[in-house]
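# Residue-level structure breakdown
Spelled out from the first residue to the last, the chains are:
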Amino acid sequence: FKLYGITAVALSLFCLFALFASVFSKAYTIFGQTEIALEIDFSESIIDPTGKRDPSTLIRANYGALVKASLATLFPEVGGRRDKRALRKLVSSGAVYEIQALVLQDPSVIGQHRRVWVAAADDVDMYIKGLIDGGDQDSDRMRSRISRKQAAWLGMLTERGLLERHFNWRFFTSGDSREPEQAGILGATVGSLLTLSICLVLAFPLGVMSAIYLQEFAPKNRWTDLIEVNINNLAAVPSIVFGLLGLAVLLGFIGLPRSAPLVGGIVLALMTLPTVIIAGRAALQAVPPSIREAALGVGASPQQVVWHHVLPLAMPGILTGTIIGMARALGETAPLLMIGMVAFIVDIPGGPTDPATALPIQIFLWADAPERAFAERAAAAIIVLLAFLITMNLGAVLLRRRFEQRW
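This write-up is about the structure you can find in this document. Bear in mind the structure is a predicted one, so any value in this text is a computation, not a measurement.

Here the focus is the pattern of salt bridges. Going through the model one piece at a time under the given rule, you end up with twelve salt bridges. Of the charged contacts in the structure, one is a salt bridge between Lys149 and Asp83, with a shortest N-O distance of 3.1 Å. In this pair, Lys149 sits in helix H8 (residues 148–159) while Asp83 sits in helix H5 (residues 81–88), placing the two residues 66 residues apart along the sequence. The salt bridge involving Lys129 is made with Glu376; its shortest N-O contact spans 3.0 Å. Here Lys129, found in the loop between helix H7 (122–128) and strand E3 (133–134), pairs with Glu376, found in helix H18 (residues 372–403); they are 247 residues apart in sequence, far enough to count as distant. The burial state of Lys129 is the same as that of Glu376; both residues are buried. Through salt bridges with shared partners, one network takes in Asp125, Lys129, Glu376 and Arg377.

This is how it looks when you write it as structure tokens:
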């Protein structure tokens, strides 16, 4: 029997290690991003012909022409429409917006000549990392996505010191994008934090008050027994049912905005509420009856007994249950899919009513994308999500050990 237990634990640890090893092996390369240095001539005639530095004019400037001119300067020998198109594919299509953001942030660069590091295309990044092979453009090999000419151009850029791998800050500071090299998790992270904040604000006070009433003040009759049975049943209801409830009531009947953290937080609060109530009742029940009797004996009212004596002693257990419930809500995907948080959102949400997505949804979208570079980002997002979950569960363990009372 002891050998059976040791074998089961060892097998569980092996599976857990295999899971983490699989995720990390696909995700560690995300922290380095291949970038190409372009010698950009910020020509005033192209960017701001009027010279007024009007932001509306600067936004509409033809920054793509600056990128093309820089590549033509680096490779003057490249001719022909097909080769020029292949040369431009080395640079991310988002490089235009990076240069635009640089000009809008500091218009003084207009009229200057500067070296600007921009993201390389996702195929180039995968090729430099060794995740895809170089070969002929017409090759049937699935891993051959960089032509021989492009590989030669990349070698020339490396020799000139114009191609390097830098830390991938874009992954942590950008929202989602259709270009893998420009995609980041900031929008999904902010959406998750807003959703969890609303969930906590709603679920924690309602759950604690319900637990206090049911455990300390509610009469023992068939109605309270029915309520207790339904709370226990709700804790086991599949999460997608709560998503259907949010879709029918919050979106269909009340008319709240679709794909908003407000709706997601309410749905997750409904899902987390039974867990908070059950944990709260268990924590209140663990307080010895002698505490209540002593408080009543010195003249305290039933309300004072609960608020001044029982609740402070039960709060560590309540908080532990709440954190575990929030950690479960952080990883939920099905209810958020039902309320439309699966939409493609580029902008960073600024409030609970703005369109947003969440980390589990972002992982789902990237894992389903056809580009190989999105699989790398999905694995990295899984690591970020696991870090949040481990942190929350570790906080629950430390909180319980720090404040737990043994009677």
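There is more to say, and it comes next.
Glancing now at the nonpolar core. Among the nonpolar cores identified, the biggest contains 39 residues, and Ile185, Leu336, Ile339 and Trp366 are the most heavily contacted of them. Counting only elements with at least two residues in this core, the list comes to helix H1 (2–27), helix H10 (186–217), helix H12 (239–253), helix H13 (261–286), helix H15 (302–330), helix H17 (359–367) and H18. Per element, the largest residue contribution to this core is nine residues, and it comes from H18. Setting aside anything within four residues of it in sequence, one finds Ile185 in contact with Phe171, Phe172, Ser174, Leu359, Trp366, Ala381 and Val384. Ile47, Leu66, Ile110 and Ile132 belong to the second-largest nonpolar core, a separate cluster that totals 38 residues.

For the rest of this paragraph, the subject is the packing of H5 against H8. Direction vectors running N to C along H5 and H8 enclose 55°, while the axes themselves pass 10 Å from each other. Our classification of the angle between H5 and H8 gives oblique. Of the two elements, H5 crosses H8, and the hand of that crossing is right-handed. Contacts between H5 and H8 involve Asp83, Ala86 and Leu87 from the former and Lys149, Gln150 and Trp153 from the latter.

With that settled, the discussion passes to unusual backbone geometry. Of note in the backbone geometry, Arg53 takes a positive phi value of approximately 55° without being a glycine. Its identity is not glycine, yet Ser259 carries a phi of approximately 60°, on the positive side. Examined against the element boundaries, Ser259 turns out to sit in the loop between H12 and H13.

Looking now at the packing of aromatic side chains. Between two aromatic rings, the relevant description is the distance of the centres plus the angle of the planes. Tallying each qualifying case throughout the model produces eight aromatic pairs. Between Phe20 and Phe24, the aromatic rings sit 6.4 Å apart at their centres with planes inclined by 25°, giving stacked as the arrangement. Note that Phe20 and Phe24 are positioned in helix H1 at a spacing of four residues, about one turn of the helix. According to the relative accessible area criterion, Phe20 is partly exposed, its value standing at 26%.

Take the sheet that holds strand E2 (residues 113–119) next. The strand order across the open sheet formed by three strands is E2-E1-E5, and the pairing between neighbours is antiparallel. The open sheet has two free edges, formed respectively by E2 and strand E5 (163–167), since each of these has just one partner strand. Direction aside, the axes of adjacent strands within the sheet are offset by 40° on average. Here strand E1 (residues 32–41) pairs with E5 via five bridges, running antiparallel. By the bridge assignment for E5, Gln33 is matched with His166. Here helix H6 (residues 95–105) sits on the sheet in contact with E1 and E2, set at roughly 135° to E2.

It is worth spelling out the side chain of Glu332 at this point. Looking at the secondary structure, you find Glu332 in the loop between H15 and helix H16 (334–338). Its relative accessible area of 14% is what places Glu332 among the buried residues. In contact with Glu332, not counting residues within four places along its chain, are Ser239, Leu268, Met271 and Pro360.

Taken together, the side chains of Leu245, Val249, Phe253, Ile254 and Leu270 make up a nonpolar region of the molecular surface, amounting to roughly 480 Å² of accessible area. When residues of the nonpolar patch are assigned to their parent elements, the largest contribution, three residues, is made by H12. Position of Leu270 among the secondary structure elements: in helix H13.

Moving on: H13. With 26 residues, H13 should reach 38 Å at 1.5 Å per residue; the first-to-last C-alpha distance of 35 Å fits that figure. Approximately 35° is the largest bend angle found in H13, and it occurs at Thr272, with the proline Pro274 only one to four residues beyond.

A surface patch of like charges, here positive, comprises Lys68, Arg81, Arg82, Lys84, Arg85, Arg88 and Lys89. Per-element tally for the positive patch: the top contributor is H5, with five residues. Looking at the element boundaries, Arg85 is found in helix H5. For Arg85, a relative accessible area of 37% gives the class partly exposed.

Interaxial distance between helix H11 (residues 222–235) and H13 falls to 8 Å at its minimum, and their mutual angle equals 125°. The pairing of H11 with H13 is recorded here as oblique in orientation. Along this stretch, H11 crosses H13, giving a crossing that reads as left-handed. On H13, the residues touching Glu228, Ile231, Asn232, Leu234 and Ala235 of H11 are Pro274, Ile277, Ile278 and Arg281. Taken together, the residues of the contact of H11 with H13 sort by class into six nonpolar, one polar and two charged.

Procedures and definitions
The numbers attached to residues start from 1 for each chain and follow its sequence in the written order. For a predicted model such as this one, the threshold for reporting local features is a pLDDT of at least 70, and the threshold for listing and counting side-chain atom pairs is 80 or more; totals across whole chains, interfaces and linings nevertheless cover every residue. With hydrogens and water excluded, all non-hydrogen atoms of the structure serve as input to the side-chain values. Salt bridge, as applied in this entry: a Lys or Arg side-chain nitrogen positioned within 4 Å of an Asp or Glu carboxyl oxygen. Each helix is a run of H or I in the DSSP string that is no shorter than four residues. Each strand is a run of E no shorter than two, and both are numbered from the N terminus. The classification of residues rests on relative accessible area computed with a 1.4 Å probe and restricted to protein chains. Under 20% of the type maximum is buried, over 50% is exposed, and intermediate values are partly exposed. Definition used in this section: a nonpolar core is a set of buried Ala, Val, Leu, Ile, Met, Phe, Trp, Tyr and Cys residues joined via side-chain atoms within 4.5 Å. Residues count as neighbours in contact if any of their non-hydrogen atoms are within 4.5 Å of one another. A fitted line through C-alpha atoms serves as each axis, taken over the contacting stretch for helices, and the angle formed by two N-to-C directions is quoted from 0 to 180°. Each angle gets one of four labels, with under 35 degrees taken as roughly parallel, over 145 as roughly antiparallel, 65 to 115 as roughly perpendicular, and the rest as oblique. Here a crossing is called left-handed whenever its near helix is offset anticlockwise from the far helix by less than a right angle, and right-handed whenever the offset is clockwise. Stacked, edge-to-face and tilted labels apply to pairs of Phe, Tyr and Trp rings (six-membered ring for Trp) whose centres lie within 6.5 Å, assigned for plane angles under 30 degrees, over 60, and everything in between, in that order. The rule for pairing is simple: two strands pair if DSSP sees at least two bridges between them. Excluding any residue in a salt bridge, patches collect residues exceeding 30% relative accessible area, merging like charges within 9 Å and nonpolar Val, Leu, Ile, Met, Phe, Trp and Tyr side chains within 5 Å. Each accessible area is a Shrake-Rupley result for a 1.4 Å probe, and residues are judged covered by the shown protein chains and nothing else. To estimate the expected span of a helix, count its residues, drop one, and scale the result by 1.5 Å. Bend at a residue means the angle formed by two fitted axes: the first through the 7 residues ending at that position, the second through the 7 residues beginning there. Positive residues here are Lys and Arg, negative ones are Asp and Glu, while His and the chain termini are left out of the count. By convention, charge coordinates are those of NZ in Lys, CZ in Arg, CG in Asp, or CD in Glu. Here the nonpolar group is Ala, Val, Leu, Ile, Met, Phe, Trp, Tyr, Cys and Pro; Asp, Glu, Lys and Arg are the charged ones; every other residue, Gly included, is treated as polar.

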